[in-house]
Amino acid sequence: SKHFSCVGDLTEIVGRLGTAPEVWQADENAMYVLRCMVLHSADISNPTRPFRLARQWSCRCLYEFFAQGDLEKHHGLPVSPLCDRAATDIPGSQIGFISFIVQPAFEALATLT
């Protein structure tokens, strides 16, 4: 849920401090943001794995999402985004996840290389 602020914070700090490691190491906040971004990138890195593994884990996540949506429907609650098995465009959701979440995060990190 903090994805966009995480990417934005990193981008802002790169703009302010540049990419020299010694400058970052001297700034405790910059190092905190970098650590958060690295951890977040690991969390969303599934599409960077070999396809066979990425597909298995995507299916596991979707199974969990759809189980949540089924429970929400059962209890008369609004179904959360991507949790409605009847309405979710699975290929489209994966493309959106990669395009709007994964790629910008990894591009932000790549500015430090």
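Up top you'll find the structure we're talking about.
Residues numbered from 1 in each chain as written. Predicted model: local features only at pLDDT ≥ 70, side-chain atom pairs only at ≥ 80, totals over all residues. Heavy atoms only, no water.

**Examining the overall build of the chain**
Part 1 of the reasoning: Within the chain, the regular secondary structure consists of five helices and zero strands.
Part 2 of the reasoning: Whereas a compact globule of 113 residues would reach a radius of gyration of roughly 13 Å, the chain reaches 17 Å, over 25% beyond that.
Part 3 of the reasoning: Dimensions of the chain along its principal axes, counting C-alpha atoms only, are 55 × 30 × 15 Å.
Part 4 of the reasoning: Expressed as a percentage of its 113 residues, the buried residues of the chain come to 30%.
Part 5 of the reasoning: Nonlocal contacts in the chain, meaning residues at least 24 apart in sequence, comprise 51% of its contacts between residues at least 6 apart. (Helix = DSSP H or I, 4+ residues; strand = E, 2+ residues; numbered from the N terminus. Rg over C-alpha atoms; globule rule 2.2 N^0.38 Å. Buried < 20%, exposed > 50% of the residue type's maximum accessible area, 1.4 Å probe, protein only. Contact = heavy atoms within 4.5 Å.)

**Describing the packing of aromatic side chains**
Part 1 of the reasoning: One pass over the full model with this rule turns up zero aromatic pairs.
Part 2 of the reasoning: A cation over an aromatic ring shows up here: Arg60 above the ring of Trp57, its NZ or CZ 4.4 Å from the ring centre. (Phe/Tyr/Trp six-rings, centres within 6.5 Å; stacked < 30°, edge-to-face > 60°. Lys NZ or Arg CZ within 6 Å of the ring centre and 35° of its normal.)

**Side note on the nonpolar core**
As a rule of thumb, nonpolar side chains are buried together in soluble globular proteins.
Part 1 of the reasoning: Counting residues in hydrophobic clusters, the biggest one holds 18 residues, and the most contacted among them are Leu10, Ile13, Trp24, Leu34 and Met37.
Part 2 of the reasoning: Mapped by element, the contributors of at least two residues to this core are α1 (3-17), α3 (28-43) and α5 (90-110).
Part 3 of the reasoning: Discounting residues that sit within four places of it in the chain, Leu34 has contacts with Leu10, Trp24, Leu109 and Leu112. (Core = buried A, V, L, I, M, F, W, Y, C linked by side-chain atoms within 4.5 Å.)

**Regarding α1**
Note on helix geometry: an α-helix contains 3.6 residues per turn, so any two residues three or four positions apart are oriented the same way.
Part 1 of the reasoning: With 15 residues, α1 extends 21 Å from end C-alpha to end C-alpha; this agrees with the ideal 21 Å at 1.5 Å per step.
Part 2 of the reasoning: Among all positions of α1, only His3, Cys6, Val7, Leu10, Ile13, Val14 and Leu17 are buried. The arc that holds the buried residues of α1, viewed along the axis, is 130 degrees, so those residues lie on one side. Those residues of α1 that are exposed and aimed more than 90 degrees away from the buried face are Phe4 and Gly15.
Part 3 of the reasoning: Structurally, α1 contributes buried residues whose contacts are with α2 (21-25), α3 and α5. (Expected span 1.5 Å × (residues − 1). Arc of directions from axis to C-beta.)

**Digging into the pattern of salt bridges**
Part 1 of the reasoning: As enumerated under the stated definition, the model contains five salt bridges in all.
Part 2 of the reasoning: Of the charged contacts, one joins Arg16 and Asp27 as a salt bridge, the two residues approaching to 3.7 Å between their closest N and O atoms. Taken together, the positions of Arg16 in helix α1 and Asp27 in the loop between α2 and α3 put the pair 11 residues apart, joining distant regions of the chain.
Part 3 of the reasoning: For Arg16, a relative accessible area of 45% corresponds to the partly exposed category.
Part 4 of the reasoning: Among the ionic pairs, Asp70 bridges to Arg85, the shortest N-O distance being 2.7 Å. Pair noted here: Asp70 is in helix α4 (residues 51-74) and Arg85 is in the loop between α4 and α5, with a separation of 15 residues, a long-range link.
Part 5 of the reasoning: For Asp70, a relative accessible area of 33% translates into the label partly exposed.
Part 6 of the reasoning: Through salt bridges with shared partners, a single network forms among Glu12, Arg16 and Asp27. (Salt bridge = Lys/Arg side-chain N within 4 Å of Asp/Glu carboxyl O.)

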